[in-house]
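Architecture at a glance
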Amino acid sequence: MQWLLKWRSFLQKAGLGLLTLGVVAFFYTGQEIFYYMKFGNDFKCHQLEEKDALPLAADFNFSPEPNSIFFHETSCRGSLRGRQACAIESAARMHPNKQIYVLFSSPVSDNTLRNSSLAKLSMYLNINFARVHIAEYARNTPLEDLVASKEFYRSKWWVEHTSDVLRSLTLYKWGGVYLDMDMLVVKSLASLGKNWVAKEQPLLVNGAAIAISKDRVGRKLINAIVE
């Protein structure tokens, strides 16, 4: 409990709202446990369509603005962990004039949407949820063949590799900012400019936080990544 009090104190000092004590204290929901028991380290959850309450990212009405902020949830839990919810909330609070998109690769049930941290996050007018079907999302992009390959689905690190592919696709299709689900935002990212990537070491960058615009520089960068 001591660590939770310290975490709450940090969030309050940073000016961030704490969704609920339960959101931070409990990392797993019943649905998350169900998906892990059913699928384990298996890619099949990404093909499921049953009990999916989210709108599709492939829908013609889905058209994020180029300066939006994106998160991808690529596990089979069908929900969010507490720290993920806090990361999303922090981005929304620090960027009230930007749209935040949380894209799920597996189904999210109506019950989870109404009775979990997603319901709390939905209270923010700039937070949006959508479902991504990977093959459809990659259609007519340079990564279409990779996503269709057997090797992609046989990966031992399919959650991580799916995240790598989807963040690249999202920035290729829409531009904007991608953040890993554990990136807590404590101030606006606007001062960083339109095109940037997190620096991990002097000669090493980290794709956990990356921004790519729709301008010439951004297009050149993302084309180099996906091609």
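Structural data are supplied above this passage.
Presented here is a report on the structure given in the accompanying data block. (Residues numbered from 1 in each chain as written. Predicted model: local features only at pLDDT ≥ 70, side-chain atom pairs only at ≥ 80, totals over all residues. Heavy atoms only, no water.)

Moving on: the overall build of the chain. Within the chain, the secondary structure is distributed over 11 helices and 6 strands. Split into buried and exposed, the 227 residues of the chain put 48% on the buried side. Within the chain, contacts between residues at least 6 apart in sequence are counted, and of these 77% link residues at least 24 apart. Approximately 12,100 Å² of the chain is accessible, and the part contributed by carbon and sulfur atoms is 56%. (Helix = DSSP H or I, 4+ residues; strand = E, 2+ residues; numbered from the N terminus. Buried < 20%, exposed > 50% of the residue type's maximum accessible area, 1.4 Å probe, protein only. Contact = heavy atoms within 4.5 Å. Areas by Shrake-Rupley, 256 points an atom, 1.4 Å probe, with all protein chains shown as cover.)

Turning next to the sheet that holds strand β4 (residues 176-179). Ordered in space as β3-β2-β1-β4-β6-β5, the 6 strands form an open sheet in which the pairing is mixed. The open sheet has two edge strands, β3 (127-131) and β5 (196-201), and neither has a second partner. Averaged over all pairs of adjacent strands, the angle between strand axes in this sheet comes to 25°, irrespective of strand direction. Pairing of β4 with strand β6 (residues 204-212), which is carried by 4 bridges, proceeds in the antiparallel orientation. Bridge assignment links Val177 to a residue of β6, and that residue is Ala211. Contacting β1 (69-73), β2 (100-104), β4 and β6, helix α10 (residues 158-173) crosses the sheet at an angle of about 165° to β4. (Pairing = 2+ DSSP bridges. Axes fitted to C-alpha atoms, helices over the stretch in contact; angles between N-to-C directions.)

Our focus in this paragraph is the packing of aromatic side chains. Considering all chains together, one arrives at 4 aromatic pairs under this definition. Residues Phe62 and Trp174 carry aromatic rings whose centres are separated by 5.7 Å and whose planes lie at 80° to one another, so their mutual orientation is edge-to-face. Placement of Phe62 in the loop between α3 (30-39) and β1 and of Trp174 in the loop between α10 and β4 is noted, with a sequence separation of 112 residues between them. Under the relative-accessibility criterion, Trp174 is labelled buried at 17%. Every member of this aromatic cluster is reached through a ring pair, and the members are Phe62, Phe70, Tyr101 and Trp174. For the cation-ring pair, Lys173 lies above Tyr137, with the distance from its terminal atom to the ring centre recorded as 4.8 Å. (Phe/Tyr/Trp six-rings, centres within 6.5 Å; stacked < 30°, edge-to-face > 60°. Lys NZ or Arg CZ within 6 Å of the ring centre and 35° of its normal.)

The full count for this structure, using the stated rule, is 5 salt bridges. Here Asp110 and Arg114 are joined by a salt bridge, their closest N and O atoms 2.5 Å apart. Pair noted here: Asp110 and Arg114 are both in helix α5 (residues 110-115), with a separation of 4 residues, about one helical turn. For Asp110, a relative accessible area of 39% gives the class partly exposed. Here the residues in one salt-bridge network are Asp164, Arg167 and Asp180, joined through shared partners. (Salt bridge = Lys/Arg side-chain N within 4 Å of Asp/Glu carboxyl O.)

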